[in-house]
Amino acid sequence: MTASDKALLRPAIGLVGMMFLSACTSAQTTSSISPASTTVKPAPISKKQVYHYTPADRDCMKRAMYFESKRSSREGLMAVGTVIMNRLTSDAYPPTICGIVAQERQFAPGVLTRAVSEETVPELDAAVDAIIRGERNPEVKDAMFFHTAGLRFPYQNMHYVTVAGGNAFYEKRDRDGELQTPPPKAPDEYVLALVQSNPDPLSLIQAKEFDVASIPTTSTNQVVATNVPVPVERPDPFAARPAATQSARPAASQVVLASSMTNEWMLRFDAGNATTPARTPTPMPSPKRLAAGTTADR
């Protein structure tokens, strides 16, 4: 091979080597990202606190939203509902909606007893359902207090956030700007779950009168014995032993019956295994009965 041929062959060999190295690198890169060796971290599961409410709680919220917002606008209804939910998720107030609405000097007098106009019920129900689903009036923020708009108070901890439905809503904060009450939870941190309220089983038992006649019976005999004699065999020490040559006919033997109700002993004669007639026992005296309301001497 001449020198010129070697000069032409060298670039070809170099090109083949580069292609080989490139193939190896590509194979290594492809295997490194294969699904078998790739680890995918699962997304974290968000945990939400569950607050239970009953149909009575829904009615309490409906009434508070109706009477406190002056039935003026949906924003006013939602603002009052947001305050109730802020209190429910804070540790400073009762743990139920009805308990919050029924607190003294917190909501309008007669909020749980006055009549609701039927004309506003559809709009009111829609607002209540929106609150239960998690919708809030964003302008209320963390406010847990409100009063009639236009009033003025000299307190320095009242930080107003919005006015809606004829009410001014405010937060109580100290000089550093911190809430003076435990902060409420954000709407995306909890859910409301409906629980059907059931009557107290104990109250049903106390109210139910036990009627014996109402108990179904399957037997045709409706008579139940209350004084059933319990037979107790008592051996007679004076009875003669049976002779081997005597007849196998059983003689009358003594059986003593004890009454479980009166504690008295009764006697009768039934066929027994004795071969000779039993002697007539002396009747046992009955215990002395006391008059009603007296006790025996000990």
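As a starting point, this report considers the structure included with it. Nothing here was measured: the structure is a model prediction, and the numbers come from that model. (Residues numbered from 1 in each chain as written. Predicted model: local features only at pLDDT ≥ 70, side-chain atom pairs only at ≥ 80, totals over all residues. Heavy atoms only, no water.)

### With respect to the overall build of the chain
Piece 1. Scanning the chain from N- to C-terminus turns up 6 helices and 8 strands.
Piece 2. From first element to last, N terminus to C terminus, the chain shows the α and β order α-β-α-α-α-α-β-β-β-β-α-β-β-β.
Piece 3. For the chain, buried positions account for 27% of its 298 residues.
Piece 4. Roughly 21800 Å² of accessible area belongs to the chain as shown, and the carbon and sulfur atoms make up 57% of that amount. (Helix = DSSP H or I, 4+ residues; strand = E, 2+ residues; numbered from the N terminus. Buried < 20%, exposed > 50% of the residue type's maximum accessible area, 1.4 Å probe, protein only. Areas by Shrake-Rupley, 256 points an atom, 1.4 Å probe, with all protein chains shown as cover.)

### Focus on the pattern of salt bridges
Piece 1. A complete count under the given rule lists 6 salt bridges for this structure.
Piece 2. With a closest N to O distance of 3.8 Å, D125 and R58 form a salt bridge. Linking D125 in helix α5 (residues 121-133) with R58 in helix α2 (residues 55-68), this pair joins segments that are 67 residues apart in sequence.
Piece 3. The partly exposed category is assigned to D125, whose relative accessible area is 21%.
Piece 4. Of the residues examined, R58 reaches a relative accessible area of 22% and is grouped as partly exposed.
Piece 5. With a shortest N-O distance of 3.4 Å, R63 and D59 are connected by a salt bridge. (Salt bridge = Lys/Arg side-chain N within 4 Å of Asp/Glu carboxyl O.)

### Quick look at the packing of α2 against helix α3 (residues 74-88)
The description of two helices packed together rests on the angle between their axes and the distance between the axes.
Piece 1. Relative to each other, α2 and α3 sit at 135 degrees, their axes nearing to 8 Å. Looking at the two axes, α2 sits oblique to α3. Considering the relative orientation of α2 and α3, their crossing is right-handed. Between α2 and α3, the residues in contact are M61, A64, M65, Y66 and E68 and L77, M78, V80, G81, I84 and M85, respectively.
Piece 2. Class assignment of the residues belonging to the contact of α2 with α3 gives a composition of 9 nonpolar, 1 polar and 1 charged. (Axes fitted to C-alpha atoms, helices over the stretch in contact; angles between N-to-C directions. Parallel < 35°, antiparallel > 145°, perpendicular 65-115°, else oblique. Left-handed = near helix turned anticlockwise from the far one by under 90°. Contact = heavy atoms within 4.5 Å. Nonpolar A, V, L, I, M, F, W, Y, C, P; charged D, E, K, R; others polar.)

### Side note on a nonpolar patch on the surface
Piece 1. Among the surface-exposed residues, L151, F153, Y155 and Y160 lie close enough to one another that they form a single nonpolar patch of about 430 Å² accessible area.
Piece 2. Within the secondary structure, L151 is located in the loop between β2 (145-148) and β3 (158-164). (Patch = residues over 30% accessible without salt bridge, like charges linked within 9 Å, V, L, I, M, F, W, Y side chains within 5 Å.)

### Things to note about the sheet that holds β2
Piece 1. Taking strand neighbours across the sheet as the criterion, the 3 strands line up as β2-β4-β3 in an open arrangement whose pairing is antiparallel. Of all strands in the sheet, those with a lone pairing partner are β2 and β3, marking the two edges. Strand-to-strand twist of the sheet, defined as the mean angle between neighbouring strand axes without regard to direction, takes the value 30 degrees.
Piece 2. Here 4 bridges tie β2 to strand β4 (residues 167-172), and the two strands are oriented antiparallel to one another. Along β4, the bridge assignment pairs H147 with A168. (Pairing = 2+ DSSP bridges.)

### Structural notes on the state of the cysteines
Piece 1. What the rule picks out here adds up to 1 disulfide.
Piece 2. Two residues, C60 and C98, share a disulfide whose sulfurs are 2.2 Å apart. Residues C60 and C98 are joined by a disulfide whose S-S torsion is about 90 degrees; by sign, that bridge is right-handed. Within this pair, whereas C60 is found in helix α2, its partner C98 is found in helix α4 (residues 97-101), the two being separated by 38 residues in sequence. Taken as a pair, C60 and C98 share a single burial class, namely buried. (Disulfide = S-S within 2.5 Å.)

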